[in-house]
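Survey of secondary and tertiary structure
If you want the building blocks of each chain, they are given just below.
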Amino acid sequence: MMAEAPQTKAISIKQLAMTFESIEGEKVEALHPVDLEIPAGQFVALVGPSGCGKSTILNILAGFLTPTEGQAMVGGEPIKKPSIDRGVVFQDYALFPWLNIIDNVAFGLERMGVGKKERNEIAAEYLSTVGLQDFARKKPSELSGGMKQRAAIARVFATDPSIILMDEPFGALDALTRRLLQHQLLEIWQKHKKTIIFVTHSVQEAVYLADRVLVMTARPGQIKLDNPVDLPYPREFTTKGFRDHEKLIYDVLDAELAKTFDLESKGRSSD
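This report concerns the structure included in the present document.

About the cut-offs
- Residues numbered from 1 in each chain as written.
- Predicted model: local features only at pLDDT ≥ 70, side-chain atom pairs only at ≥ 80, totals over all residues.
- Heavy atoms only, no water.
- Helix = DSSP H or I, 4+ residues; strand = E, 2+ residues; numbered from the N terminus.
- Axes fitted to C-alpha atoms, helices over the stretch in contact; angles between N-to-C directions.
- Parallel < 35°, antiparallel > 145°, perpendicular 65-115°, else oblique.
- Left-handed = near helix turned anticlockwise from the far one by under 90°.
- Contact = heavy atoms within 4.5 Å.
- Nonpolar A, V, L, I, M, F, W, Y, C, P; charged D, E, K, R; others polar.

**Observations regarding unusual backbone geometry**
Here the amide bond leading from Arg-219 into Pro-220 is cis, since omega sits at 0°, within 30 degrees of zero. Within the secondary structure, Pro-220 is located in the loop between strand 9 (212-216) and strand 10 (223-228). Between Tyr-233 and Pro-234 the backbone carries a cis peptide bond, its omega angle lying at -5°. Tracing the backbone through its elements, the reader meets Pro-234 in the loop between strand 10 and helix 7 (240-269). Here Ala-94, not a glycine, exhibits a phi torsion of approximately 55°, which is positive.

**Considering the packing of helix 2 (residues 101-111) against helix 3 (residues 116-129)**
Orientation of helix 2 relative to helix 3, taken along the N-to-C sense of each, is 125°, at an axis distance of 9 Å. The pairing of helix 2 with helix 3 is recorded here as oblique in orientation. The crossing of helix 2 and helix 3 is right-handed. In contact with Ile-101, Ile-102, Asp-103, Val-105, Ala-106, Leu-109 and Glu-110 of helix 2, helix 3 contributes Arg-119, Asn-120, Ile-122, Ala-123, Ala-124 and Leu-127. Partitioned by chemical class, the residues of the contact of helix 2 with helix 3 number nine nonpolar, one polar and three charged.

In structure tokens:
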């Protein structure tokens, strides 16, 4: 089996800004300077209007994008490129269709130089954790959407990264499957205490999962609300405390959504 897990790392974002430029030369400011400190082992949810820069922050942390200004650091080291120490779970699973499920889960371990016997043991352990031990030899095409996402989660955790970045991983799933995977994700996080950044459009999901919810403004994105969720796990949707957190977040989001629609209507009227 793998050696003892490396220490989970903190994230530090300082004056992070991002401007994109189209082929026609039009510039779009996606992120206004953002400052953010995320302690090691914290589960943070990012919510906000569409286009507010949630996924941009995630992609910068993953090392897929270089910010226009500012800096993102992990464990005190600047992020310069992708790293297996920062695992990413996408909405579309990103499994290799030509590999069976256990080989998909073991893929990162193979890249790390882990021997076949050990990587198969580790992959099997995480498949069991997400309830897919009986589907190890199946191809992704033989699995449902929820099962594919469970395999994707197992693949990321198998490489033992310090940080897990999740970009709307349950957005395309039905309500029952989504609830099952929420339960499983919480169980894995509580066991391993990785730092998790979780992008979602669902306020309920954010409050249910995270111990801190960050609400972003309409584009250009900034952090408008930093809301610690001081509720014990497991959480119930119907409790007053849960609903109070939902209301606070929705009140902030409603104001930002109103700005978004106002900007869109002004844009149409000027055409």
